[in-house]
Amino acid sequence: MNFFPLLAVGAGGALGAIGRWGLSLLPFRGEFPLLTLVTNLLGAVLIGFIAGWAGRGRLSSGWTLFWKTGVCGGFTTFSTFSLETLTLLEKGKWLLGGSYMVLCVVLCLLGVALGQRLSRI
């Protein structure tokens, strides 16, 4: 049995989770979940770049698993985004929650596009 994919995803996931935790230690405090937005945006750019490279054969399937599934999967925080948005909406903070939702989706889509373009350089 080939354990390399399991190890690649696990090692990448550990690094991504450590990176996400490290970013959460930045000294920003406020009601708007800016650090989660930044984490998701960075993850979107990274996954776009990786997908772009892999799509052009510049990254092996093993390294693609490590970076895309492992690192990006461990780093991005969409489940946290969902919880934070729901919490804001449940508190009746519709403008803040709606702004956060729109910014996350739009900026992260743009981030993926940017990452793909950067991978062509």
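The residue numbers shown here count from 1 along each chain, following its written sequence. Where totals are concerned, whole chains, interfaces and linings use all residues; where local detail is concerned, this predicted model gives features only for residues with pLDDT of at least 70, and gives and counts side-chain atom pairs only at 80 or more. As a rule here, side-chain values come from all non-hydrogen atoms in the structure, and water together with hydrogens is ignored.

Observations concerning the nonpolar core
(1) Moving on: Only buried residues count toward a nonpolar core. Its members are Ala, Val, Leu, Ile, Met, Phe, Trp, Tyr and Cys residues joined through side-chain atoms within 4.5 Å. A simple rule labels every residue: compare its accessible area, found with a 1.4 Å probe on the protein chains alone, to the largest value its type can have, and call it buried under 20%, exposed over 50%, or partly exposed in between. Counting residues in each nonpolar core, the largest one holds five residues, listed as Phe32, Leu37, Phe81, Tyr100 and Cys104.
(2) Moving on: The contacts of Cys104, once residues within four sequence positions are left out, are Leu37 and Phe81. Contact criterion: two residues are considered in contact whenever any of their non-hydrogen atoms come within 4.5 Å of each other.

Points about the packing of aromatic side chains
In this description, a pair of aromatic rings is defined by centroid distance and the angle of the planes.
(1) Moving on: Think of it this way: a Phe, Tyr or Trp ring, Trp meaning its six-membered ring, pairs with another when their centres are within 6.5 Å, and the plane angle makes it stacked under 30 degrees, edge-to-face over 60, tilted otherwise. By the definition in use, this model includes six aromatic pairs.
(2) Moving on: Centre to centre, the rings of Phe32 and Tyr100 are 5.2 Å apart; their planes meet at 85°, and the pair counts as edge-to-face. Taken as a pair, Phe32 in the loop between α1 (4–24) and α2 (34–55) and Tyr100 in helix α5 (residues 94–118) lie far apart in primary sequence, 68 residues in all. Note on accessibility: Phe32 and Tyr100 belong to one class, buried.
(3) Moving on: The interplanar angle of 40° and the centroid separation of 4.7 Å between the aromatic rings of Phe78 and Phe81 together place this pair among those described as tilted. Here Phe81 and Phe78 lie together in helix α4 (residues 78–90), a separation of three residues that amounts to about one turn.
(4) Moving on: A relative accessible area of 55% places Phe78 in the exposed class.
(5) Moving on: By relative accessible area, Phe81 is classed as buried at 5%.
(6) Moving on: An aromatic cluster is present here, built from Phe32, Phe78, Phe81 and Tyr100 joined pairwise through their rings. Numbering of helices and strands starts at the N terminus; helices are DSSP runs of H or I of at least 4 residues and strands are runs of E of at least 2.

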